[in-house]
Amino acid sequence: MNQMLLVCQLSEQKVMTKAIIYCRVSTNNEEQQSSLKRQAMELEKLALKNKLQIIDIIEERASGYDIDRDGILKALDFFQANEATILLVQDDTRLGRGHAKIALLHQLRKLHVRIFSIQDSGELQLSEADEMVLEIVSIVEEFQRKLHNSKIRRGMKEAVKNGYRPQDNLRTHVGGGRAKKEVPINEIVRLRKMDLTFHDIAATLRGFGYDISKATVHRRYQQYRKEQNLENKGSEL
């Protein structure tokens, strides 16, 4: 029975959601120092209550109006690397204040990070005003992206009119097996460096007559990166 219980406990630990604890105070005085420790202790209890695995406890002394904070940037690194999916804070003011808080909330949403707070005894509940601002920010960002991509497509069409030939950058498959589609890999790399999504790159190339899907663009780009990594490793030997 004890062995079975141990196996069940180990299995439960394997599927536990990973979380980061973030504590912040704005000054270095003794009272604020004790606040940091108190925040960490209470958040550890919140993690235990929700069966979360704590990856790191980040304590920071910095103004909430400052977005360039080592601690919060470290937390974002964990989320961007998919090493954790939940952030634990005392309340939303620990994330930041004013514009800094909205910017961080927006970035965390883009990374699909769930936020738990002591104040809400679970998932963070934002005010209607904050929710409205975040929605506006998302809409504006999406339209800016579309406008940026439209400018790029327009510039490429103008370049073609002036004699530019993207087909000269084609790489074709050589050898046995099923033939690959002709893909302008140099154009894919160039557009990717301009922050276009794979969906937008495929749409842009189809506008130039290439029968190419988002999946093909993504696959060829990943192949290109692997080839570049191999070449770089080879040159280091």
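Structure: see above.
What you are looking at is a predicted structure, and each value in this text was computed from that prediction instead of being measured. (Residues numbered from 1 in each chain as written. Predicted model: local features only at pLDDT ≥ 70, side-chain atom pairs only at ≥ 80, totals over all residues. Heavy atoms only, no water.)

Student: Mind showing me how you'd approach the overall build of the chain here?
Tutor: For the chain, the count of helices and strands is nine helices and five strands. Secondary structure elements of the chain occur, N-terminal to C-terminal, as α-β-α-β-α-β-α-α-β-β-α-α-α-α. For the chain, the residues scored as buried account for 33% of the 237 residues in total. For the chain, the proportion of contacts with a sequence separation of at least 24, taken over those separated by at least 6, is 65%. When the accessible surface of the chain is totalled, it reaches about 15,400 Å², and 51% of it is carbon and sulfur. (Helix = DSSP H or I, 4+ residues; strand = E, 2+ residues; numbered from the N terminus. Buried < 20%, exposed > 50% of the residue type's maximum accessible area, 1.4 Å probe, protein only. Contact = heavy atoms within 4.5 Å. Areas by Shrake-Rupley, 256 points an atom, 1.4 Å probe, with all protein chains shown as cover.)

Student: What is the right way to look at the pattern of salt bridges in this model?
Tutor: If you walk through the whole model with that rule in mind, you get eight salt bridges. When the shortest N-O distance is used, the salt bridge between Lys37 and Glu59 registers 3.4 Å. Residue Lys37 is found in helix H2 (residues 30-49), and its partner Glu59 is found in strand E2 (residues 52-61); the two are separated by 22 residues along the sequence. Take Glu59: its relative accessible area is 29%, and that puts it in the partly exposed class. A salt bridge links Lys101 to Asp92, with the nearest nitrogen and oxygen atoms 3.2 Å apart. Since its relative accessible area comes to 12%, Lys101 is described here as buried. Taken together, the shared-partner salt bridges connect Asp92, Lys101 and Asp130 into one network. (Salt bridge = Lys/Arg side-chain N within 4 Å of Asp/Glu carboxyl O.)

Student: Can you walk me through the packing of aromatic side chains in this structure?
Tutor: Aromatic rings considered in pairs are described by the distance between their centres and by the relative angle of their planes. The full count for this structure, using the stated rule, is one aromatic pair. In this structure, Arg192 is placed above the aromatic ring of Phe198, and the distance from its NZ or CZ to the ring centre is 4.2 Å. When the ring centre of Tyr221 is taken as origin, the NZ or CZ atom of Arg192, which lies over that ring, is 5.9 Å away. (Phe/Tyr/Trp six-rings, centres within 6.5 Å; stacked < 30°, edge-to-face > 60°. Lys NZ or Arg CZ within 6 Å of the ring centre and 35° of its normal.)

Student: In this structure, what is going on with the sheet that holds strand E3 (residues 86-89)? I would like to understand it.
Tutor: Strand pairing in a sheet takes place through backbone hydrogen bonds and is either antiparallel or parallel in direction. Strand order in this open sheet of five strands is E2-E1-E3-E4-E5, and the pairing throughout is mixed. Each edge of the open sheet carries a strand with a single partner, namely E2 and strand E5 (122-123). Set on the sheet, H2 makes contact with strand E1 (17-25), E2, E3, strand E4 (114-117) and E5; between it and E1 the angle comes to about 160°. (Pairing = 2+ DSSP bridges. Axes fitted to C-alpha atoms, helices over the stretch in contact; angles between N-to-C directions.)

Student: Help me understand the pairing of E4 in this model?
Tutor: Residues in a regular strand point their side chains to alternate faces of the sheet. Inspection of the sheet shows E3 paired to E4 by four bridges, in the parallel sense. Considered in E4, the bridge of Leu88 is made with Phe116. Sheet topology note: the E4/E5 ladder contains two bridges and is antiparallel. What sits directly across from Phe116, in E5, is Glu123. Hairpin connection from E4 to E5: four residues lie between these consecutive antiparallel strands, with Ser121 at a positive phi of about 55°.

Student: Is there a simple way to explain the environment of Ile152 in this structure?
Tutor: Note that Ile152 resides in helix H6 (residues 128-161). With 39 residues separating them in the primary sequence, Ile152 and Leu191 have C-alpha atoms 8.5 Å apart. Beyond its immediate sequence surroundings of up to four residues, Ile152 is in contact with Leu191, Met194 and Leu196.

Student: Would you take a moment to explain the nonpolar core for this structure?
Tutor: Nonpolar side chains tend toward joint burial in soluble globular proteins. Ile20, Phe79, Leu87, Leu95, Leu105, Leu108 and Ile115 are the most contacted members of the largest nonpolar core, which totals 21 residues. Of all elements in the fold, only E1, helix H3 (70-80), E3 and helix H5 (98-110) reach the threshold of two or more residues within this core. Counting residues per element, this core draws most heavily on H3, at five residues. Leave out the neighbours within four places in its chain, and Leu95 touches Tyr22, Arg69, Ile72, Leu87, Val89, Leu104, Leu105, Leu108 and Ile115. Formed by 16 residues, the second largest nonpolar core is a distinct cluster that contains Ile185, Val189, Leu196 and Ile201. (Core = buried A, V, L, I, M, F, W, Y, C linked by side-chain atoms within 4.5 Å.)

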